[in-house]
Amino acid sequence: MNKNFFTLLVAACLFISSLSYGQEDRRIKIEIALKDGNKTTKAILRSATFSFTKSTVSGTESEVKNNYYFSLDFEKQDIALLAVLMKNKAGVDGQITMTDIFGKLPTRKFDFTKGRVDSLSDQLTADYTSAYISLLCDSLIIDGVKIE
């Protein structure tokens, strides 16, 4: 009887471990939230990259323009998010948050104003999809620090 119970227990453990082996748990959750009037539209990102540049306007050193860019990588195009961006030509305010689901790393927050689409690409293949959106923003605050 013990031999049958042990065999059944081993088989059940192997079955359960094979089911959970193929599941992908991501430790970091990256989410973008856009404010559209009274509504907030959210989407999950695969990755987000931020860049900041200063450029002179009309070749004069006295007038400097700050440029804030986000490159957003999606597993697939989020149509609701795209609709909000296309509807608001002057730009939308939003926030990108990065959260460690295990709670070991601090949450990061990127608040931006007047984010508008600078470029957009969507890749479709038989077994893989991805979408990239580059946002140009008017201002940026990273974890409470205003970037200027």
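Criteria and thresholds
Residues numbered from 1 in each chain as written. Predicted model: local features only at pLDDT ≥ 70, side-chain atom pairs only at ≥ 80, totals over all residues. Heavy atoms only, no water. Helix = DSSP H or I, 4+ residues; strand = E, 2+ residues; numbered from the N terminus. Buried < 20%, exposed > 50% of the residue type's maximum accessible area, 1.4 Å probe, protein only. Contact = heavy atoms within 4.5 Å. Areas by Shrake-Rupley, 256 points an atom, 1.4 Å probe, with all protein chains shown as cover. pLDDT = per-residue confidence, 0-100. Arc of directions from axis to C-beta. Pairing = 2+ DSSP bridges. Polar contact = N/O pair within 3.5 Å; in protein donor to acceptor, adjacent residues only side chain to side chain. Salt bridge = Lys/Arg side-chain N within 4 Å of Asp/Glu carboxyl O. Phe/Tyr/Trp six-rings, centres within 6.5 Å; stacked < 30°, edge-to-face > 60°.

### Things to note about the overall build of the protein chain
When you go through the protein chain residue by residue, the secondary structure sums to 2 helices and 9 strands. Within the protein chain, the fraction of its 148 residues that count as buried is 27%. For the protein chain, the proportion of contacts with a sequence separation of at least 24, taken over those separated by at least 6, is 57%. As presented, the protein chain carries roughly 10,200 Å² of accessible surface, and 56% of it is formed by carbon and sulfur atoms.

### Section: the confidence of the model for the protein chain
Interpretation of this model should avoid reading the predicted coordinates in detail wherever pLDDT is low. Per-residue pLDDT for the protein chain has a mean of 83; in total, 81% of the residues score no lower than 70. Between residues 19–23, whose pLDDT stays under 50, and residues either more than four places distant or in other chains, the model counts 0 contacts.

### Observations concerning helix 2 (residues 79–87)
For helix 2, the full list of buried residues reads Leu81, Leu82, Val84 and Leu85. Down the axis of helix 2, the buried side of the element spans an arc of 160°, and every buried residue falls inside it. When the buried face of helix 2 is taken as reference, the exposed residues oriented beyond 90 degrees from it are Ile79 and Lys87.

### Here's the deal with the pairing of strand 8 (residues 139–142)
Taken together, the 4 bridges between strand 6 (residues 108–124) and strand 8 define a ladder with antiparallel strand orientation. Note on strand 8: the bridge partner recorded for Phe112 is Leu140. Here strand 8 pairs with strand 9 (residues 145–146) via 2 bridges, running antiparallel. Residue Ile142 lies in a different strand from strand 9, and its bridge partner there is Val145. Taken together, strand 8 and the strand that follows it, strand 9, pair antiparallel across an intervening segment of 2 residues, in which Asp143 is found at a positive phi of about 50°.

### Examining the pairing of strand 2 (residues 39–45)
Sheet analysis places strand 1 (residues 28–36) next to strand 2, joined by 7 bridges and oriented antiparallel. Counterpart to Ile32 in the pairing with strand 2 is Ala43. Adjacent in sequence and paired antiparallel, strand 1 and strand 2 are bridged by 2 residues, among which Gly37 carries a positive phi angle near 70°.

### Details of the environment of Asp122
Turning to its location among the elements, Asp122 is positioned in strand 6. With 11 residues separating them along the chain, Asp122 and Ile133 place their C-alpha atoms 8.6 Å apart. Those residues in contact with Asp122 that lie beyond four places of it in its chain are Gln77, Ser130 and Ala131. Looking at Asp122, its side chain comes within polar contact range of the side chain of Gln77, at 3.5 Å.

### Description of the pattern of salt bridges
Under the defined criterion, the tally for this structure stands at 5 salt bridges. Between Asp138 and Arg116 there is a salt bridge whose closest N-O contact spans 3.0 Å. Of this pair, Asp138 sits in the loop between strand 7 (129–137) and strand 8 while Arg116 sits in strand 6, and the two are 22 residues apart along the sequence. Residue classification places Asp138 among the partly exposed residues on the basis of a relative accessible area of 37%. The exposure class of Arg116 is partly exposed, given its relative accessible area of 23%.

### Focus: the packing of aromatic side chains
Under the counting rule described, the total for this entry stands at 4 aromatic pairs. Plain terms: the ring middles of Phe50 and Phe70 are 5.7 Å apart, the flat faces sit at 50° to each other, and that makes the pair tilted. Highlighted residues: Phe50 in strand 3 (residues 47–57) and Phe70 in strand 4 (residues 60–74), separated in sequence by 20 residues. Consider the rings of Phe70 and Phe110, whose centres lie 6.1 Å apart with planes at 90°: the pair is edge-to-face. You can see Phe70 sitting in strand 4 and its partner Phe110 sitting in strand 6, a full 40 residues away along the chain.

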